Number of protein chains: 2
Amino acid sequence: MVPKNNQEPLLNKDCPLRQVINIIGDKWTLPVLYVLTQGTKRYSELQREIPGISKKMLTQTLRKLESDKILRRKVYPVVPPKTEYNLTTFGDKLIEPLCVLADWAEAHQDELQMICDRRNQSK
Amino acid sequence: MVPKNNQEPLLNKDCPLRQVINIIGDKWTLPVLYVLTQGTKRYSELQREIPGISKKMLTQTLRKLESDKILRRKVYPVVPPKTEYNLTTFGDKLIEPLCVLADWAEAHQDELQMICDRRNQSK
DNA sequence: ATTTTTGGGAACCATTAGGTAACTATAGTA
DNA sequence: TACTATAGTTACCTAATGGTTCCCAAAAAT
């Protein structure tokens, strides 16, 4: 009898945790999600509220999250264009465990900053 | 991720949460950390227990985590070489909030798998 | 008549991440 | 004598990520 492939869920590079990290790990995904926790936003609002993001990256990030069904995109056929974005219920649920990590990160802000500084210095 | 005060520690691309993601977001970091939660491991043990990792990536991942003080590297001056790795207390602490995310990810395994499948399909 | 507004798309480039293969040293073993 | 085990290093290549700049339409405002 072949042993059941009960692979450790945290071991390999396709584990669920890794999948989450892949989904939200892009440079601009967290800022976008964060702004959307404040409610429905238009494209231009997102761009204004996320310092440094370019149109290309904003569009790219939004489209990816839309196809992941983490957010919803609603286009109004008017001119000039109007598009609204808001989190799906799945997006809302995803936010919760991220908050835990975010709280930990805030609590360890100084250590994290030191790590990042050390990395930038050694480059 | 819920706004707490007038600060915006989760908004910009250098926020603490983003810093954590940067630190543990590399392809092989989570598998390495996971194996090390089982205790001290030698280089060859890590390589055996992490399917698919190459020597180059294992070394690279370990060195980065060492300079981040997430793990400790102990070299025995013998031949053939012997090197042991284990988590620091900071590494141990880092694991905890990641477990919360990992638990959520496991609970939503199916949805996550669908997202990843859809992404791979559209490529 | 011209500019502004909005939500993009397309082309192009630079940087980074990650993968493969070959090479290293030295003691012990067959 | 040749081979194995260990813990790497190096050079080279490709793919993915992210950034910049320019282009678009059509109505409204100046």
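What you see is a predicted model, and the numbers here were worked out from it, not measured in a lab.

## Quick word on the protein's contact with DNA strand D
Taken together, 19 residues lie around DNA strand D, and Lys27(A), Lys56(A), Arg63(B), Arg73(B) and Tyr85(B) are the ones closest in. Restricting the count to atoms of DNA strand D within 4 Å of the protein gives a sugar and phosphate share of 61%. Within the side chain of Lys55(B), one N or O atom sits 3.0 Å away from a base nitrogen of DNA strand D. The set of elements that each furnish at least two residues to the surface near DNA strand D consists of helix H4 (55–67) of chain A together with helix H3 (43–49), helix H4 (55–67) and strand S3 (82–87) of chain B. The class makeup of the residues in the surface near DNA strand D is 7 nonpolar, 4 polar and 8 charged.

## Quick look at the pattern of salt bridges
Where charged atoms from two side chains of opposite charge come close, those side chains can pair. Applying the stated criterion across every chain, the model contains 7 salt bridges over all chains. Here Arg119(A) ties to Asp68(B) by a salt bridge, and the two come within 2.5 Å at their closest N and O atoms. Here the residue Arg119(A) occupies a position in helix H6 (residues 109–121), and Asp68(B) occupies one in the loop between H4 and strand S2 (71–76), the pair thus bridging two chains. Relative accessible area serves as the criterion here: at 2%, Asp68(B) is assigned to the buried category. Across the pair Glu49(B) and Lys41(B) runs a salt bridge, and its minimum N-O distance is 3.1 Å. Residue Glu49(B) is classed as partly exposed on the basis of its relative accessible area, which comes to 27%.

## Observations regarding the relation of the copies chain A and chain B
Between chain A and chain B, the superposition needs a rotation of 180° and an axial shift of 0.0 Å, giving an RMSD of 0.0 Å. Both copies are brought into coincidence by an operation consistent with a two-fold rotation axis. Most of the interface of chain A is mirrored in chain B: 87% of its interface residues are interface residues there too.

## Overview of the protein's contact with DNA strand C
The immediate surroundings of DNA strand C are formed by 19 residues, with Arg63(A), Arg73(A), Tyr85(A), Lys27(B) and Lys56(B) found nearest. Looking at DNA strand C alone, sugar and phosphate atoms form 65% of those within 4 Å of the protein. Lys55(A) is positioned with one of its side-chain polar atoms (N or O) 3.0 Å from a base nitrogen of DNA strand C. Elements with a contribution of two residues or more to the surface near DNA strand C: helix H3 (43–49), H4 and strand S3 (82–87) of chain A together with H4 of chain B.

Thresholds, definitions, all that
Residues numbered from 1 in each chain as written. Chains lettered and ligands numbered in written order. Predicted model: local features only at pLDDT ≥ 70, side-chain atom pairs only at ≥ 80, totals over all residues. Heavy atoms only, no water. Near = heavy atom within 4 Å. Polar contact = N/O pair within 3.5 Å; in protein donor to acceptor, adjacent residues only side chain to side chain. Helix = DSSP H or I, 4+ residues; strand = E, 2+ residues; numbered from the N terminus. Nonpolar A, V, L, I, M, F, W, Y, C, P; charged D, E, K, R; others polar. Salt bridge = Lys/Arg side-chain N within 4 Å of Asp/Glu carboxyl O. Buried < 20%, exposed > 50% of the residue type's maximum accessible area, 1.4 Å probe, protein only. Least-squares fit on C-alpha atoms with pLDDT ≥ 70 in both. Contact = heavy atoms within 4.5 Å.

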